[in-house]
Amino acid sequence: MRELFELCGADRELLFSPYCWRVRLAMAHKGLDWQSRPIRFTDKELIAFSGQKLVPVLSDGGETVHDSLAIFTYLDRRYPQRPLLGEGLAAERARLVERLSFHMVRIPLLKILIPRVWQVIDPADREYFRSSREQALGMSLEAFADPQGGERLFREGVAPLEMWLRDQPFLEGQAPGGCDYLLAGMLLWAWCLGAQPWTDDSALGAWFARILQAYEATHGPVKRAMIEMEQSR
Ligand SMILES: N[C@@H](CCC(=O)N[C@@H](CS)C(=O)NCC(=O)O)C(=O)O
């Protein structure tokens, strides 16, 4: 059996982790099915078998892999059809895209999404979420969160991608590949939390719609939170 341990909100159907979405998109790309095992931030005992504390964790017939990029590599090795990363230089380029998306897209989105994550997580997770994120950020959630500033940084960060996607339907060319899913997972994080700092009529918006539609055509509608933003605490 193939099981994907992934982060959920108080509503177990609300899956909003960017890294877990990468893996969902990658497995859908390869035509694989899986059982979802939604876990909350503090359900660490459910993934203790993986020897670490973060999701996604893929358990696949006796093999356990964690970390989205490591899971892409595993999937390519175990299921060579429709490669995600390829080998050699191609895999290294995907690592570069992963690092770039981390800095150019993740940080801006985090500024937008922190108050939304706060709203959707189980109240029992809130203390852990606050203390772990404040320690990592070196400041309070309220000091870091800045939805308007995050939107501006996001637009600046994706400007080169917007130009790239005006010339071709996917980051990887005429068909989606691993780099598309590395980035699309980040955008799904925002989308599932009811935010969309890109416009439908942008090249990035059209690209995102193509990826989301392909996923929903085989796996059904993606749950999206309807959040009224007032305060983060
Ligand atoms: N580099 C890892 C990052 C994984 C990660 O940060 N996962 C987050 C979910 S978005 C997590 O498990 N957070 C739980 C926690 O912070 O305790 C990957 O690409 O999978």
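Please read these numbers as outputs of a predicted model, since none were measured by experiment.

1. Overview of the UniProt feature "domain: GST N-terminal" (unreviewed entry) in the protein
No. 1: The feature "domain: GST N-terminal" (unreviewed entry), as given by UniProt, occupies residues 7-83 in the numbering adopted here.
No. 2: As annotated, residues 7-83 has a helix share of 30% and a strand share of 18%, and its two end C-alpha atoms lie 26 Å apart.

2. Observations regarding the site of the ligand
No. 1: Taken together, 13 residues surround the ligand, and among them K44, V55, S68, Y128 and R133 come closest.
No. 2: R133 has a polar side-chain atom sitting 2.8 Å from an oxygen atom of the ligand.
No. 3: Within the complex, the protein chains bury 82% of what would otherwise be the 510 Å² of accessible surface of the ligand.
No. 4: Residues of the shell around the ligand, tallied by class, amount to eight nonpolar, two polar and three charged.

3. A short note on the domain arrangement of the protein
No. 1: Taken domain by domain, the protein consists of domain 1 (2-78) and domain 2 (89-218).
No. 2: Centre-to-centre, using C-alpha coordinates, domain 1 lies 18 Å away from domain 2.
No. 3: Opposite the 22 residues of domain 1 that make contact, domain 2 presents 27 residues.
No. 4: For the pair domain 1 and domain 2, the summed buried surface comes to about 2,300 Å²; carbon and sulfur atoms form 70% of the total.
No. 5: Per-residue buried area on domain 1 facing domain 2 is highest for R22, L25 and F41; these three make up 29% of the total on that side.
No. 6: In this assembly, domain 1 and domain 2 are joined by two salt bridges.
No. 7: The interface formed by domain 1 and domain 2 holds nine residue pairs in polar contact (both at pLDDT 80 or more) in total.
No. 8: When contributions to the side of domain 1 that touches domain 2 are tallied by element, the ones reaching two or more residues are α1 (18-29) and α2 (68-78).
No. 9: A per-class count over the side of domain 1 that touches domain 2 returns 14 nonpolar, four polar and four charged.

Procedures and definitions
- Residues numbered from 1 in each chain as written.
- Predicted model: local features only at pLDDT ≥ 70, side-chain atom pairs only at ≥ 80, totals over all residues.
- Heavy atoms only, no water.
- UniProt positions renumbered as here; feature names shortened; annotations may be inferred.
- Helix = DSSP H or I, 4+ residues; strand = E, 2+ residues; numbered from the N terminus.
- Near = heavy atom within 4 Å.
- Polar contact = N/O pair within 3.5 Å; in protein donor to acceptor, adjacent residues only side chain to side chain.
- Areas by Shrake-Rupley, 256 points an atom, 1.4 Å probe, with all protein chains shown as cover.
- Nonpolar A, V, L, I, M, F, W, Y, C, P; charged D, E, K, R; others polar.
- Domains from an automatic or database assignment.
- Contact = heavy atoms within 4.5 Å.
- Buried area = accessible area lost by both parts, 1.4 Å probe.
- Salt bridge = Lys/Arg side-chain N within 4 Å of Asp/Glu carboxyl O.

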